[in-house]
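Summary of the model geometry
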Amino acid sequence: MANAQARPTPRPGVLAIAPYVPGRSEAPGAAKVYKLSSNETPLGPSPRAVEAFRDAAAHLEAYPDGAAARLREAIGARYGLDPARIVCGAGSDELLNLIAHAYIGPGDEGLFCEHGFLVYRIAITAAGGTPVVAPEKNFTTDVDALLAAVTDRTRVVFVANPNNPTGTYISHAEMARLRAGLPPHVLLVIDAAYSEYVRANDYTSGLELAATAPNVVMTRTFSKIHGLAALRIGWAFGPAEVIDALNRVRGPFNVSAPAIAAGVAAMQDPAHEQKAAEHNQRWLAWVTENIRALGLEVTPSVGNFVLIHFPDEDGRRAPDADAFLLSRGLVLRAVASYGLPNALRMTIGTEEANRLVVEALREFLGKA
């Protein structure tokens, strides 16, 4: 038989994908572990969401609502959106992948920034497309560089705003300029996973563009400020035609019933979200100021994490700091896979965790 193979073989490109590696959660030998590697909220989920999750456990034999109607309605009510233009998924990661599968194929290109979320490359490549990377300026999305990288094969542009792992953002005016400069057939995806934390006056999440432009979709998540990462809930809002396409390619029951119930409850508890935002606002500033005082560079962040840069000196590089912190139970995120081999990303944690990181870095740098 012609072209016989010894075993099933994935299609070209699949085995070239570097699997996504999540933040570590363990520190072997440490008496207590402080996980600051995955941008989880230190306040946890809303008590209402926990109660709703527990109540849903009494009905695990039943399939969830495949349309996640209650959740879409709750999101719509919270933000003043048409629920028909919302689609929910198993985290915003699933939605990013669905977008790539719906709009990118062999010969097509997907575009993203130099230090953009790793899932963009994976989603584009898995869909059979070619990932294209635009350089950043000062660890920030460069609109001109993105527009210069657009070709007649570009189908989707992914922009995280704020960006992970840098924590930087571009203004509403810059995002609007990016959208205006794109050909009408190119879909702009605004990944606003950290938008609830931003307090900059010139920032918007992308809802307005997604509501009015025919080629913009915005994705959000319940994994960050809402503290529901374990349940995997995300949502996207955009033109009816885009949402229709995503509904055609998603799984029929892609959001579980407990996740739907907890998500609805989270949407109905804005006070808990505000409490988490206020905690982050206070400690983001404190962590940034105190780590800079040690002589380390910290990229200005509007998210719930900071990117810490280390000197290019033997014994003081990021891997050395990572090992030192890990030995004390402080788990940060190495970001070499993002093209940042000499930096670590630190989630803003509890007061105790934040203070311990600063003191450990002080000791690591010999400034204790």
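Not measured: the values here are computed from a predicted model.

1. Brief notes about the packing of aromatic side chains
Summed over all chains, the structure comprises 10 aromatic pairs. With a centroid separation of 5.0 Å and an interplanar angle of 70 degrees, the aromatic rings of Tyr194 and Phe305 are classed as edge-to-face. Here Phe305 lies in strand S10 (residues 305-309) and Tyr194 lies in the loop between strand S6 (187-191) and helix H7 (207-212), a separation of 111 residues in the sequence. Of the two residues examined, Tyr194 and Phe305, each falls in the buried class. An aromatic cluster of three or more residues is present, and its members are Phe112, Phe117, Tyr120 and Phe158.

2. Remarks on the UniProt feature "domain: Aminotransferase class I/classII large" (unreviewed entry) in the protein chain
Sites flagged by UniProt as "domain: Aminotransferase class I/classII large" (unreviewed entry) map to residues 32-361. Segment residues 32-361 splits into 40% helix and 17% strand. End C-alpha atoms: 17 Å apart.

3. Concerning the pattern of salt bridges
Taken as a whole and judged by the stated rule, the model has 16 salt bridges. Note that Glu273 and Arg78 form a salt bridge whose closest N and O atoms lie 2.8 Å from each other. Residue Glu273 is found in helix H10 (residues 270-292), and its partner Arg78 is found in helix H2 (residues 69-79); the two are separated by 195 residues along the sequence. Residue classification places Glu273 among the buried positions, given a relative accessible area of 11%. A salt bridge links Glu109 to Arg153; the shortest N-O distance between them is 2.9 Å. Of this pair, Glu109 sits in strand S3 (residues 109-113) while Arg153 sits in the loop between helix H5 (143-149) and strand S5 (154-160), placing them 44 residues apart in sequence.

4. Side note on the pairing of strand S4 (residues 130-134)
With five bridges joining them, S3 and S4 adopt parallel strand pairing. Along S4, the bridge assignment pairs Cys113 with Ala134. In the classification by handedness, the crossover that spans S3, the intervening helix H4 (residues 118-126) and the parallel S4 is right-handed.

5. Quick notes on the environment of Val132
Along the chain, Val132 falls in strand S4. The contact partners of Val132, leaving out residues within four places of it in the chain, are Glu109, Gly110, Leu111, Phe112 and Ala149.

6. With respect to the UniProt feature "modified residue: N6-(pyridoxal phosphate)lysine" (unreviewed entry) in the protein chain
UniProt records the feature "modified residue: N6-(pyridoxal phosphate)lysine" (unreviewed entry) at Lys224, using the numbering of this structure. Tracing the sequence through the fold places Lys224 in the loop between strand S7 (216-221) and strand S8 (234-237). Look past the residues within four positions of Lys224 in its chain and what remains in contact with it is Ser38, Asn39, Thr41, Ala193, Tyr194 and Tyr197. A polar side-chain atom of Lys224 sits 3.3 Å from the main-chain carbonyl oxygen of Ser38.

7. Some thoughts on the pairing of S6
Along S6, five of the five residues are buried, which leaves the element largely enclosed by surrounding structure. Alternating positions in S6 separate into two faces, Leu187, Val189 and Asp191 on one and Leu188 and Ile190 on the other, with burial throughout. Alignment of S5 against S6, held across five bridges, turns out to be parallel. Within S6, the residue paired with Val156 across the bridge is Leu187. Running through helix H6 (residues 172-181), the crossover from S5 to the neighbouring parallel element S6 is right-handed. Pairing between S6 and S7: four bridges, direction parallel. Across the sheet, Ile190 pairs through a bridge with Met218, a residue of S7. This β-α-β element, S6 to H7 to S7, shows right-handed connectivity.

8. Observations regarding the layout of surface pockets
Its boundaries defined by the atoms lining it, the largest pocket holds a volume of some 480 Å³. Taken together, 23 residues form the lining of the largest pocket, with Tyr20, Ser38, Asp93, Lys224 and Arg232 sitting closest to its centre. Its residues placed into classes, the lining of the largest pocket shows eight nonpolar, seven polar and eight charged. Of the pockets and cavities examined, the second largest pocket occupies roughly 180 Å³. Looking at the second largest pocket, the residues that line it are Ala16, Ile17, Ala18, Pro19, Tyr20, Val21, Leu118, Arg121, Ile122, Thr125, Arg333 and Ser337. Here the lining of the second largest pocket gets four residues from one element, more than from any other, and that element is H4. In terms of residue class, the lining of the second largest pocket is made up of eight nonpolar, two polar and two charged.

The rules behind the values
Residues numbered from 1 in each chain as written. Predicted model: local features only at pLDDT ≥ 70, side-chain atom pairs only at ≥ 80, totals over all residues. Heavy atoms only, no water. Phe/Tyr/Trp six-rings, centres within 6.5 Å; stacked < 30°, edge-to-face > 60°. Helix = DSSP H or I, 4+ residues; strand = E, 2+ residues; numbered from the N terminus. Buried < 20%, exposed > 50% of the residue type's maximum accessible area, 1.4 Å probe, protein only. UniProt positions renumbered as here; feature names shortened; annotations may be inferred. Salt bridge = Lys/Arg side-chain N within 4 Å of Asp/Glu carboxyl O. Pairing = 2+ DSSP bridges. Right-handed = clockwise from strand over helix to strand, strands pointing away. Contact = heavy atoms within 4.5 Å. Polar contact = N/O pair within 3.5 Å; in protein donor to acceptor, adjacent residues only side chain to side chain. 1 Å grid on protein atoms, 1.4 Å probe; cavity = no way out; pocket = protein on both sides within 12 Å on 5 of 7 lines; lining within 4 Å. Points joined across faces, edges and corners; volume = space filled by probe spheres on them. Nonpolar A, V, L, I, M, F, W, Y, C, P; charged D, E, K, R; others polar.

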